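Secondary and tertiary structure notes
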Amino acid sequence: MSSQESTEEAMASGNTMIEMIKVSRTYHPNITALSEISLSIETGEMFFLIGPSGAGKTTLLKLISNMEVPTKGLIEIAGHNINKLKGNKLAYLRQKIGVAYQDFKLLNDRTVAENIAISMEVSYKNPKTIKKQVRDLLDQLQLTDKHNSLTGELSRGEQQRVALARSVANSPRLILVDEPTGNLDASTTKRVMELLNRSKQAGATIVIATHDASIYKQGKHRVMELRNGVIHSLTRGNT
Amino acid sequence: MNFWFAVLRQAGRNLKQTWTSQFMTFLTVSLSVLIFAFFYLIYTNMLGAGDRLNDELRLIVYLEEEPGPAMQMQLRRKIENFDDVEEIIFISKEAAYKRFAKQLGEDSDVLDDMPKNFLPASIEVVPLKGLRGYNQIKLFSEYLASLPGTEKVQYGQEWVERFYYFTRLLTIVVLLSGTLLILTATFMVAYTIRLTIMGRQDELELLKLVGATNSYIRTPFLIEGILQGFMGSIIGLSALYGLFRWIISHFTGPGILHIFQFDFFPPIVIFIIILCSISLCSIGSYTSIRKFLKI
Ligand SMILES: Nc1ncnc2c1ncn2[C@@H]1O[C@H](COP(=O)(O)OP(=O)(O)OP(=O)(O)O)[C@@H](O)[C@H]1O
Ligand SMILES: [Mg+2]
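All values reported here derive from a predicted model rather than from experimental measurement.

**Notes on the packing of helix H2 (residues 19–55) of chain B against helix H6 (residues 157–199) of chain B**
Residues and elements named next belong to chain B. Where H2 meets H6, the closest approach of the two axes is 9 Å, and the angle between their N-to-C directions is 160°. By the angle class used here, H2 and H6 are roughly antiparallel. When you trace H2 past H6, the crossing you get is left-handed.

Printed below as a string of structure tokens:
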């Protein structure tokens with residue numbers, strides 16, 4: 001348990017949540033998805049990642065969540081070299097990172113409620129708390145009537161919101177969202193952003209990969225544009 | 001507490017998803033336990049009967065002549081030279097006659113016309129309790145037959161021989177059914193758990209991504225194995241007990257089961273069988289987890 005607590009502590013107190021130094025990722029045979037990316041994201045920051053399709057946004061998020069390993073370079077999350085973490089230490093860190101994947105990674109033969117509950121179940125949240133949290137999230141994302149629907153039967157826009165709900169359900173310290181509004185209309189997009197802003201207010205660090213200019217144009221968050229695996233520009237929104 | 005709640009919930013989900021193969025495994029384990037325990041029960045009862053028969057085992061050496069005191073001393077020394085014995089009893093012609101008459105009871109008058117020395121003199125040798133192997137008894141009897149003045153040696157050779165071979169055969173059957181139990185328990189359990197793991201790759205992958213610990217992912221499968229071993233052995237042994245009661249109630253009476261005094265396993269043996277079954281099934285699930293649940 002002590003390593004669990006130390007993980008939590010580091011994520012709450014540190015100033016830098018994500019530190020990347022000269023990170024490269026190449027895929028076989030010789031596709032360079034990312035090359036020499038250096039980047040530092042503060043705790044509590046909302047950070048946008050943009051760029052054309054194939055620029056390397058998803059790859060960057062996968063590297064941060066340790067789903068992929070860098071070919072070169074160093075990645076630290078809350079002071080931990082994430083590629084050196086193993087076993088339970090890695091598990092505890094991942095419990096504190098919520099990820100909404102571009103391909104959702106939902107269990108299609110389970111209900112919406114079960115899918116959202118998974119991220120809380122693995123950290124042994126009390127069943128009552130889980131139930132309440134699931135209902136709250138479904139209300140906020142206008143999915144109340146889908147509570148018991150099989151996830152495989154939902155529309156893509158609905159699945160996208162379920163994936164998002166799962167990523168924020170366990171009150172993570174770091175939230176990575178890949179293309180959260182790709183299939184949504186303007187008013188649903190607004191609700192999704194409200195939900196993410198609420199997590200930010202609770203102190204979470206949020207990294208969003210998106211093509212949707214409407215969600216990063218207002219506000220003064222940092223926006224990083226990738227092109228062909230390199231940083232093309234790093235600006236504050238609205239400038 | 002929450003850990004066990006979560007783990008049991010996962011185990012329940014596994015059972016729900018692959019219950020047909022789980023049920024087949026459970027039946028196979030029960031059946032193997034039943035077969036093994038059945039033979040083992042017969043075996044232990046045979047051994048018990050053998051012990052009881054052994055207690056009464058004595059070698060009777062029939063003599064050509066009634067030995068005088070000096071001769072008795074000499075024979076006694078020669079017998080004890082070969083091996084320590086429990087007891088050596090000399091039975092004179094007259095004593096043999098009296099004993100026979102007593103055995104005949106009311107019909108003893110048929111002996112009235114016979115000479116009192118028509119039965120041969122003999123020595124009854126009660127071997128040590130330790131000297132119980134069939135070969136040892138046989139060697140001993142051969143030695144006794146070679147003593148001067150002996151006519152023949154009797155100890156129910158045929159019966160002892162048959163009993164001995166039957167016990168040998170049973171040992172082999174017990175070993176075979178034990179092997180069968182080991183194979184079915186480990187392989188069937190390993191196989192069903194492999195099926196479950198294969199059918200849930202997506203979920204297991206996701207569990208790792210959302211930060212499930214190794215024990216959260218693995219323990220449910222281990223519990224499944226333990227459950228299979230526990231339930232299988234309980235049901236197998238219960239079935240055997242039912243069979244045992246049935247045999248007792250239908251075949252008791254002045255038959256051979258009476259001599260055999262058919263007993264069920266003592267609690268400690270039952271406990272050990274259950275424990276072995278659980279361990280075997282756990283080993284089965286553990287090997288599958290090691291092989292197919294790379295973490
Ligand atoms: N598993 C993989 N194997 C080989 N190449 C890959 C793999 N994953 C990504 N790539 C390549 O790496 C590059 C970056 O991909 P990535 O998915 O990061 O782009 P993206 O910016 O997320 O694009 P999009 O906006 O379409 O989601 C692409 O050229 C892609 O083809
Ligand atoms: Mg992408």
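The discussion continues.
**What to know about the site of ligand 1**
Residues and elements named next belong to chain A. Taken together, Tyr27, Ile31, Ala33, Ser53, Gly54, Ala55, Gly56, Lys57, Thr58, Thr59, Gln102 and His211 make up the full set of residues adjacent to ligand 1. Alanine 55 has a polar backbone atom sitting 3.3 Å from an oxygen atom of ligand 1. When ligand 1 is considered free in solution it has 630 Å² of accessible area, and contact with the protein chains removes 65% of it. Among the elements that line the shell around ligand 1, the one with the most residues is helix H2 (residues 57–64), at three residues. Looking at side-chain class alone, the shell around ligand 1 contains four nonpolar, seven polar and one charged residues.

**What about the interface of chain B and chain A?**
Taken together, the 20 residues of chain B in the interface contact 18 residues of chain A. Counting each side, the surface lost to burial between chain B and chain A is near 1,800 Å², with a carbon and sulfur contribution of 60%. It is Leu206, Leu209 and Val210 of chain B that lose the most area in chain B upon contact with chain A, and together they represent 34% of the buried surface on that side. The interface formed by chain B and chain A holds four residue pairs in polar contact (both at pLDDT 80 or more) in total. Among the elements that take part in the side of chain B that touches chain A, helix H1 (residues 2–17) of chain B stands out by supplying seven residues, more than any other. Across the side of chain B that touches chain A, the residue classes break down as nine nonpolar, five polar and six charged.

**Overview of the environment of leucine 53 of chain B**
Residue and element names in this part refer to chain B. Among the secondary structure elements, leucine 53 is positioned in helix H2. Taking the relative accessible area as the measure of exposure, leucine 53 reaches 36% and is therefore partly exposed. Each C-alpha atom of the pair leucine 53 and threonine 171 lies 19 Å from the other, and the pair is 118 residues apart in sequence. Setting aside residues no more than four positions away along its own chain, leucine 53 makes contact with Trp159 and Phe163.

Rules behind the numbers
Residues numbered from 1 in each chain as written. Chains lettered and ligands numbered in written order. Predicted model: local features only at pLDDT ≥ 70, side-chain atom pairs only at ≥ 80, totals over all residues. Heavy atoms only, no water. Axes fitted to C-alpha atoms, helices over the stretch in contact; angles between N-to-C directions. Helix = DSSP H or I, 4+ residues; strand = E, 2+ residues; numbered from the N terminus. Parallel < 35°, antiparallel > 145°, perpendicular 65-115°, else oblique. Left-handed = near helix turned anticlockwise from the far one by under 90°. Near = heavy atom within 4 Å. Polar contact = N/O pair within 3.5 Å; in protein donor to acceptor, adjacent residues only side chain to side chain. Areas by Shrake-Rupley, 256 points an atom, 1.4 Å probe, with all protein chains shown as cover. Nonpolar A, V, L, I, M, F, W, Y, C, P; charged D, E, K, R; others polar. Contact = heavy atoms within 4.5 Å. Buried area = accessible area lost by both parts, 1.4 Å probe. Buried < 20%, exposed > 50% of the residue type's maximum accessible area, 1.4 Å probe, protein only.

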